[in-house]
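Structural features, examined
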Amino acid sequence: PFGAGLPRRASTSCGSYAPRVVREAGGKAAVGAGFAYRPALDGIRALAIIAVLYCHSPVPHGEGGALGVAVFFVLSGYLITSLLAAETASRTRIAFGRFYARRAWRLWPPLLALILLASLLPANRAISPAPIWQSDTVAGLYLTNFWALFHTGTTPGYLSHTWSLAVEEQFYLL
């Protein structure tokens, strides 16, 4: 398969790495097995995060949060699709079990730490419209975006911002 002779780098489930483009003998561009660090992608990611933070700040005319989220989704989609394309090129198929295991090992530890720490703060318990265990379970299973379907007019409290992570994870199931 293509890329078999190329040196392998440790795979990452998401990050500012893009596939290395390799020129074949005929001058045709193809995706290589390795990934090159792209600092510009970190810059784009930083601008997207700043736009979201600015939107949520008390500064007048704080807009651009939706654009920041959209840019972040596009960037994540590009990076994940690049990983899957490179895996297909080097192995001729995608090992979805390994893909989801890498995602879980990368995302669940910080998410579970956030859930644990946030649920212990008395201020968060006071503002949550739902029992703590419900908010924690919904966020931990990447279902925050479905909350509104079953709890019209409310949010899952202090973990409502995890909706974007839920949307992204559900996209990868497709």
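Residues numbered from 1 in each chain as written. Predicted model: local features only at pLDDT ≥ 70, side-chain atom pairs only at ≥ 80, totals over all residues. Heavy atoms only, no water.

**Brief notes about the environment of Ile 49**
Summarising the element assignment, Ile 49 is placed in helix α1 (residues 39–56). Overall, the relative accessible area of 40% leaves Ile 49 in the partly exposed class. For Ile 49 and Phe 72, which are 23 residues apart along the polypeptide, the C-alpha to C-alpha distance reads 7.9 Å. (Helix = DSSP H or I, 4+ residues; strand = E, 2+ residues; numbered from the N terminus. Buried < 20%, exposed > 50% of the residue type's maximum accessible area, 1.4 Å probe, protein only.)

**Describing the nonpolar core**
Formed by Leu 107, Leu 111, Ile 115, Ala 118, Ala 139, Tyr 142, Tyr 158, Leu 159, Leu 165 and Ala 166, the largest nonpolar core amounts to 10 residues. Secondary structure elements with two or more residues in this core: α3 (96–120) and α7 (163–173). Residue contributions to this core peak at 4 residues, all from α3. Leu 83, Leu 84, Phe 99 and Tyr 172 belong to the second largest nonpolar core, which has 5 residues in total. (Core = buried A, V, L, I, M, F, W, Y, C linked by side-chain atoms within 4.5 Å.)

**A look at a nonpolar patch on the surface**
A surface patch of nonpolar side chains, amounting to about 530 Å² of accessible area, comprises Leu 141, Leu 143, Phe 146, Leu 149 and Phe 150. Relative to the assigned elements, Phe 146 resides in the loop between α5 (132–140) and α6 (147–150). (Patch = residues over 30% accessible without salt bridge, like charges linked within 9 Å, V, L, I, M, F, W, Y side chains within 5 Å. Areas by Shrake-Rupley, 256 points an atom, 1.4 Å probe, with all protein chains shown as cover. Salt bridge = Lys/Arg side-chain N within 4 Å of Asp/Glu carboxyl O.)

**A short note on the packing of aromatic side chains**
Ring pairs (aromatic) are described by centroid distance and by the angle formed between their planes. Overall, the coordinates contain 5 aromatic pairs when judged by the stated rule. Between Phe 99 and Tyr 100, the aromatic rings sit 5.0 Å apart at their centres with planes inclined by 75°, giving edge-to-face as the arrangement. The class for Tyr 100 is partly exposed, based on a relative accessible area of 25%. Both rings, one in Phe 99 and one in Tyr 172, keep their centres 6.0 Å apart while their planes meet at 85°; by these two values the pair is edge-to-face. One end of the pair, Phe 99, is in helix α3; the other, Tyr 172, is in helix α7, with 73 residues separating them in the sequence. (Phe/Tyr/Trp six-rings, centres within 6.5 Å; stacked < 30°, edge-to-face > 60°.)

**Focus on the pattern of salt bridges**
Counting across every chain of the model gives 3 salt bridges. Close ionic contact of Glu 87 with Arg 102 constitutes a salt bridge, the shortest N to O distance being 3.7 Å. Linking Glu 87 in helix α2 (residues 65–91) with Arg 102 in helix α3, this pair joins segments that are 15 residues apart in sequence. As far as the burial class goes, Glu 87 and Arg 102 line up, both buried. Residue Arg 103 pairs with Glu 168 through a salt bridge whose shortest N-O separation is 3.7 Å. Placement of the pair is Arg 103 in helix α3 and Glu 168 in helix α7, with a sequence separation of 65 residues. Taken together, the salt bridges that share partners define one network made up of Arg 103, Glu 168 and Glu 169.

**With respect to the packing of α3 against α7**
Running from amino to carboxyl end, α3 crosses α7 at an angle of 170°, the nearest separation of the two axes being 12 Å. By the angle between their directions, the pair α3 and α7 is classed as roughly antiparallel. Note on element contacts: α7 touches α3 through Leu 165, Glu 168, Glu 169, Tyr 172 and Leu 173, opposite Phe 99, Tyr 100, Arg 103, Leu 107 and Leu 111. Within the contact of α3 with α7, the residues separate by chemical class into 7 nonpolar, no polar and 3 charged. (Axes fitted to C-alpha atoms, helices over the stretch in contact; angles between N-to-C directions. Parallel < 35°, antiparallel > 145°, perpendicular 65-115°, else oblique. Contact = heavy atoms within 4.5 Å. Nonpolar A, V, L, I, M, F, W, Y, C, P; charged D, E, K, R; others polar.)

**Points about the confidence of the model for the protein**
The pLDDT averaged across the protein works out to 77; a share of 76% of its residues lies at or above 70. Contacts for the low-pLDDT stretch residues 1–15, under 50 throughout, to residues beyond four places or in other chains number 40 contacts. (pLDDT = per-residue confidence, 0-100.)

**Overview of unusual backbone geometry**
Positive phi, close to 70°, is recorded for Thr 92, a residue that is not glycine. By the secondary structure assignment, Thr 92 is in the loop between α2 and α3. Positive phi outside glycine occurs at Tyr 142, with the angle close to 60°. Take Tyr 142: it is sitting in the loop between α5 and α6. Tyr 142 gets classed as buried once you look at its relative accessible area, which sits at 12%.

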